[in-house]
2 protein chains.
Amino acid sequence: MEDFLQKAKSSSQIIASLDGASKNRILNAMADALEANSSYIIEENQKDMQEGKANNLSSSLLDRLLLDEKRVVAMATSLREISVLKEPVGRILEGWVNDNGLKIQKISVPIGVVGVIYESRPNVTSDVAGLCFKSGNVAILKGGKEAEFSNRAIAKILQEVLEKNALPIEIISLLPDSSREGVAKLIKQDKYVDLIVPRGGEALIRYISSNSSVPVVKHDKGLCHTYIDKKADFKKAMEIAINAKCQRTGVCNAMETLLVDRVIANEILPRLYNAFIEEGTELKGCELTREYIEIDEANDEDFNTEYLANTLNIKVVEGVDGAIEHIVKYGSGHSEAIITEDYNTAERFLELIDASCVYLNASTRFTDGGVFGFGAEVGISTNKLHARGPMGINELTTYKFKIYGNGQIR
Amino acid sequence: MEDFLQKAKSSSQIIASLDGASKNRILNAMADALEANSSYIIEENQKDMQEGKANNLSSSLLDRLLLDEKRVVAMATSLREISVLKEPVGRILEGWVNDNGLKIQKISVPIGVVGVIYESRPNVTSDVAGLCFKSGNVAILKGGKEAEFSNRAIAKILQEVLEKNALPIEIISLLPDSSREGVAKLIKQDKYVDLIVPRGGEALIRYISSNSSVPVVKHDKGLCHTYIDKKADFKKAMEIAINAKCQRTGVCNAMETLLVDRVIANEILPRLYNAFIEEGTELKGCELTREYIEIDEANDEDFNTEYLANTLNIKVVEGVDGAIEHIVKYGSGHSEAIITEDYNTAERFLELIDASCVYLNASTRFTDGGVFGFGAEVGISTNKLHARGPMGINELTTYKFKIYGNGQIR
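All values reported here derive from a predicted model rather than from experimental measurement.

Chemist: Would you mind going over helix α10 (residues 234-246) of chain A in detail, with residue names and values included?
Modeler: Residues and elements named next belong to chain A. The first and last C-alpha atoms of α10 sit 18 Å apart over 13 residues, in line with the 18 Å expected at 1.5 Å per residue. Most of α10 is tucked away, with eleven of its 13 residues classed as buried. Every buried residue belonging to α10 is among F234, K236, A237, M238, I240, A241, I242, N243, A244, K245 and C246, and all of these are buried.

Chemist: For the sheet that holds strand β12 (residues 335-339) of chain B, give the residues involved together with the corresponding values.
Modeler: The ten strands are arranged β1(A)-β2(A)-β16(A)-β13(B)-β12(B)-β7(B)-β8(B)-β11(B)-β9(B)-β10(B) in an open sheet whose pairing can be described as mixed. Either end of the sheet is taken by a strand with one partner, and the two such strands are β1 (92-97) of chain A together with β10 (296-297) of chain B. Judged from the four bridges that link them, strand β9 (residues 282-285) of chain B and strand β11 (residues 311-317) of chain B form a sheet pairing that is parallel. Each residue of the ladder has a partner; that of L283 of chain B, found in β11 of chain B, is L312 of chain B.

Chemist: How would you explain the pairing of strand β12 (residues 335-339) of chain A if you had to name every residue and give the values?
Modeler: Residue and element names in this part refer to chain A. Extensive coverage of β12 is indicated by the burial of five of its five residues. Where burial is concerned, the two faces of β12 agree: the one with S335, A337 and I339 and the one with E336 and I338 are both buried. Pairing analysis gives four bridges linking strand β7 (residues 224-228) to β12, with the strands arranged parallel. Bridge pairing in β12 places Y227 opposite I338. With four bridges joining them, β12 and strand β13 (residues 357-362) adopt parallel strand pairing. When the bridges of β13 are listed, I338 appears paired with L360. For the crossover from β12 across helix α15 (residues 343-352) to β13, the handedness is right-handed.

Chemist: How would you explain the relation of the copies chain A and chain B if you had to name every residue and give the values?
Modeler: When chain A is fitted onto chain B, the two copies agree to an RMSD of 0.1 Å after a turn of 180 degrees and an axial shift of 0.0 Å. When the rotation and shift are considered jointly, the pair of chain copies conforms to a two-fold rotation axis. The C-alpha atom lying nearest the rotation axis in chain A is that of H386 of chain A; the distance is 2.0 Å. A symmetric contact is evident, with 99% of the interface residues of chain A recurring at the interface of chain B.

Chemist: Before we move on, can you summarise the pairing of β7 of chain A with the specific residues and values?
Modeler: Consecutive side chains of a regular strand alternate in pointing toward one face of the sheet and then the other. All names here are of chain A. Within β7, five of the five residues are buried, which leaves it mostly tucked inside the rest of the structure. Along β7, one buried face is formed by C224, T226 and I228 and the opposite face, lined by H225 and Y227, is buried too. Here β7 runs beside strand β8 (residues 255-261); their pairing, made up of five bridges, is parallel. The residue bridging C224 from the neighbouring strand is M255, located in β8. Note on the crossover from β7 through α10 to β8: the handedness is right-handed.

Conventions we followed
Residues numbered from 1 in each chain as written. Chains lettered and ligands numbered in written order. Predicted model: local features only at pLDDT ≥ 70, side-chain atom pairs only at ≥ 80, totals over all residues. Heavy atoms only, no water. Helix = DSSP H or I, 4+ residues; strand = E, 2+ residues; numbered from the N terminus. Expected span 1.5 Å × (residues − 1). Buried < 20%, exposed > 50% of the residue type's maximum accessible area, 1.4 Å probe, protein only. Pairing = 2+ DSSP bridges. Right-handed = clockwise from strand over helix to strand, strands pointing away. Least-squares fit on C-alpha atoms with pLDDT ≥ 70 in both. Contact = heavy atoms within 4.5 Å.

Now the structure itself:
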């Protein structure tokens, strides 16, 4: 492991200084290679599928695992899309001349060696490899063991392209020891690894955050709220509430709890009830809510649950401050929305809520790197530091100061 | 502890939304209060001094510990200087309209609850309190136990000003349990604490980095190099080398190793020798260096040592690539300089060296928040993520996205 990490670290110098044109050419060559080898990838994937079936994986997990011709093409397309993104390395973020006449430039640079730990879907292997490559980082990938044959096949093809371009294969590599112990070792190697990105279940993320000596950018749970204020435009409110809950339910930026201003509860709750019932949403409500509409009771645990399903808590609150109080207690700092036409109420909410994304009159479902215009998405960070909210390739860079002098001494 | 941290967390909402004018007024009131209570502070400091003497603290440690009238005034001045810095909260870092017509603003916001762990000098207590306050953060301070009376006195005075302004005293507080166990507990409280900044010895920083589940921005060692290239202007080279080593030796941005291009070793080493001997510098050199000048041998351990003293290693290297190779192996990623008049050589060094600050034709001693123009300095981060290099109050903020819609759904 130590030997491998040393190679990864020294490779990071090489990829960090590769120019954009070469990186883009190689990304396209990788895309071509994936397509050219699609039957090999599908063959290897079948081994994972067979084992998955033998191990009684659920049909939804098996579907996530499956690679067919179309999905291999999608992986290649994704690499080509990454290749056309604006070069993330070498951006001048700030620049000024100080009192001594030193010209100071704050410049974006790759982070170095990035370890990404993820589950199931094998396309993550090529996506993350491509994002790290474009941003000048070495990627150490640790996928789920249920996708081991697929991941190996994909990595092998990408590494062959690296080799053809006289680059070290460590620039894109699978963690050699893919056991739990391998991960435990990896997250202690701050000498060689600069960032760990865990993507997966809450337990995995919790374990890594508490035990890593390498900085972690995590994608935790998304327990998102929408608050309908008494000054809301009801048409917008209804559309946004339905969209935030129902457009796609298994995602982190979907709404879990709807907060309704007490002043309008009487008027809007029955309408919301009808609209949600039509969408097949299971509704639970606080005591006050249940005075207006006949639904199950929502308890404290419900308000703390990220359903990832078509289930919604409704709570009646005392104005924007009641909404803020509830969100401070139960929110996960992911995405929170207010629906109102009142300027002061809107700004109060947007300023006091401490979340990566705070919305006025829009659905929380927009928290997404693609929607934000970042191109490809690394993930949605629930960290407060380094990267917060949707992460694009720019968030896979850090900075350094380049200082141009002319003989200055202190 | 849990109770205290809960209060700290809830106070963070209050300080985060306090407007700039109020914060500046209160910072000035704190400065006034420190001056008005200087005899009380000095009295309490004397208790620390007496204990320090009884415990045989070294005279340099006792000097760091001492507070007199002048030093209390300096603490107050520092708070007033912080008050005039540009408001760090609410800066629009980026802003754009996405394809859906959402107006997206990336806005600077306070980090939340910041724990700062430091040693000896009691003025750090008011400095850090002021910096955190200005940037809208709650500060949990844990100073050295040798300064306990002084720190308590300073915190008490600052808290009285908070109280007078109807603010919770938890906004600036000392860690209630200041034992090692208290620190061990604090760094596990990621539920309440958003950032830990350790300032102190290597062992302390190492312990905190490896055990904290809260993100850490650390100020590690500075093992800085200066490389004199064959195309260097010798006058600049001599002045910068002397300045980088001798202007102040006990600091992290001082040079520890001088690298000299083999092509000019013959010509420049005797001149450097004379100049450094005049400064009383103890010189150690590699084998090649010792062919030109008669000095002690520098071994591998020397090249790995941050002397913090007037001692210097000299090594002869093969051009800029030899310099880069040495720095990659021994550098701490703090500050590295090249002296050359050649454009391509300069850019090769500035781009390939992965350090927070890379200098062309200037002394590494410039790595400093004040010199950079940041006003007050929180520290010099050797982290790669969140903040790198000199940290001003802006680096005590993070960001969130404020998204203004008009009924958008996905």
